[in-house]
Amino acid sequence: MNKLLIGLIIALIVGTGLFAFFYKSSADMTGKTVFEEDNVKVFEVDSANLKFYINGVENPDMKVKMGDMVRVNFKSSEGYHDWVLEGYNVSTVKINPGNTASVGFVADKKGTFSYYCSVGKHRQNGMEGNFIVE
Ligand SMILES: [Cu+2]
């Protein structure tokens, strides 16, 4: 009787272990897919005439979630510009018209930060917007 009981307990432990192992494996795979699709934010930012544009919207709010992997693909349609994120120590190189530059980083601080162009007085003249980490 005791042997049967011990056998049942061992079977239960092994069974639970196997279930946990396979459950964890599938959960990891699901987690990775979600991570790739939902935790990555890519922005296509254009610049011209002392303004930034995303989909034609002038100096738009750029919203991400805490922990997101952010990629900014920056382009200049007119003028010599860069894209700098204050409070994050993140910036693209300065580019001439027709060129592109990218920068990637993890949004690891919550809050509202200014993005701007650091060339000359471009920031004061209108090249500034909000980058919001929620
Ligand atoms: Cu500029």
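Procedures and definitions
- Residues numbered from 1 in each chain as written.
- Predicted model: local features only at pLDDT ≥ 70, side-chain atom pairs only at ≥ 80, totals over all residues.
- Pairing = 2+ DSSP bridges.
- Helix = DSSP H or I, 4+ residues; strand = E, 2+ residues; numbered from the N terminus.
- Contact = placed C-beta atoms within 7 Å.
- Buried ≥ 20, exposed ≤ 12 C-beta atoms within 10 Å, placed from the backbone.
- Core = buried A, V, L, I, M, F, W, Y, C linked by C-beta atoms within 7 Å.
- pLDDT = per-residue confidence, 0-100.

Enquirer: So what exactly am I meant to see when it comes to the sheet that holds strand E10 (residues 128-133) here?
Expert: Sheets are built from strands that pair by backbone hydrogen bonding, the pairs being arranged parallel or antiparallel. Read across the sheet, five strands follow the order E4-E10-E9-E6-E7 without closing on themselves; strand pairing throughout is mixed. Two strands bound the open sheet, and with one partner strand each, they are strand E4 (62-64) and strand E7 (90-91). With six bridges connecting them, strand E9 (residues 111-116) and E10 associate as antiparallel partners. Across the sheet, residue Phe 113 finds its bridge partner in E10, namely Phe 131.

Enquirer: Looking at this structure, how should I read the environment of Gly 126?
Expert: Relative to the helices and strands, Gly 126 resides in the loop between E9 and E10. With near-sequence residues (within four places) excluded, Gly 126 lies in contact with Leu 50 and Lys 51.

Enquirer: I keep staring at the environment of Phe 52 and nothing clicks. Help me out?
Expert: Relative to the elements of secondary structure, Phe 52 occurs in strand E2 (residues 51-54). Phe 52 sits in the buried class, given 25 other C-beta atoms within 10 Å. Put simply, Phe 52 and Met 127 are 75 residues apart on the chain and 6.2 Å apart in space, counted from C-alpha to C-alpha. Setting aside residues up to four positions removed in sequence, Phe 52 forms contacts with Val 45, Ser 47, Asn 59, Met 127 and Gly 129.

Enquirer: When you look at the pairing of E9 in this model, what are you seeing that I'm missing?
Expert: On any regular strand, side chains alternate: one points to one face of the sheet, the next to the other face. Note that strand E6 (residues 84-85) and E9 share two bridges and pair antiparallel. Considered in E9, the bridge of Leu 85 is made with Tyr 115.

Enquirer: Would you take a moment to explain the pairing of strand E5 (residues 69-76) for this structure?
Expert: Relative to E5, strand E1 (residues 40-48) is paired through eight bridges, and the arrangement is parallel. Across the sheet, residue Ser 47 finds its bridge partner in E5, namely Ser 76. With seven bridges joining them, E5 and strand E8 (residues 100-106) adopt antiparallel strand pairing. Opposite Lys 75, over in E8, you have Thr 100 as the bridge partner.

Enquirer: Looking at this model, I keep getting lost on the sheet that holds strand E3 (residues 57-58). Mind explaining?
Expert: Strand order in the open sheet made by the five strands is E3-E2-E1-E5-E8, with mixed pairing throughout. Edge strands, defined here as strands with exactly one partner in the open sheet, are E3 and E8.

Enquirer: Is there a simple way to think about the nonpolar core in this case?
Expert: Soluble globular proteins tend to bury their nonpolar side chains together. Membership of the largest hydrophobic core comes to 17 residues, with the highest contact counts inside it found for Trp 83, Val 84 and Tyr 115. Elements with a contribution of two residues or more to this core: E5, E6, E9 and E10. It is E5 that contributes the most residues to this core, three residues altogether. In contact with Val 84, other than residues within four places in its own chain, are Ser 91, Tyr 115, Tyr 116, Cys 117 and Ser 118.

Enquirer: What's the story with the confidence of the model for the protein chain in this structure? I'm lost.
Expert: For any part of a model where pLDDT is low, the fine detail of the predicted coordinates should not be relied upon. On average, the protein chain scores 85 in pLDDT, and the residues at 70 or more come to 75%. Confidence over residues 21-36 falls short of pLDDT 50; this stretch has zero contacts with residues more than four positions distant or in other chains.

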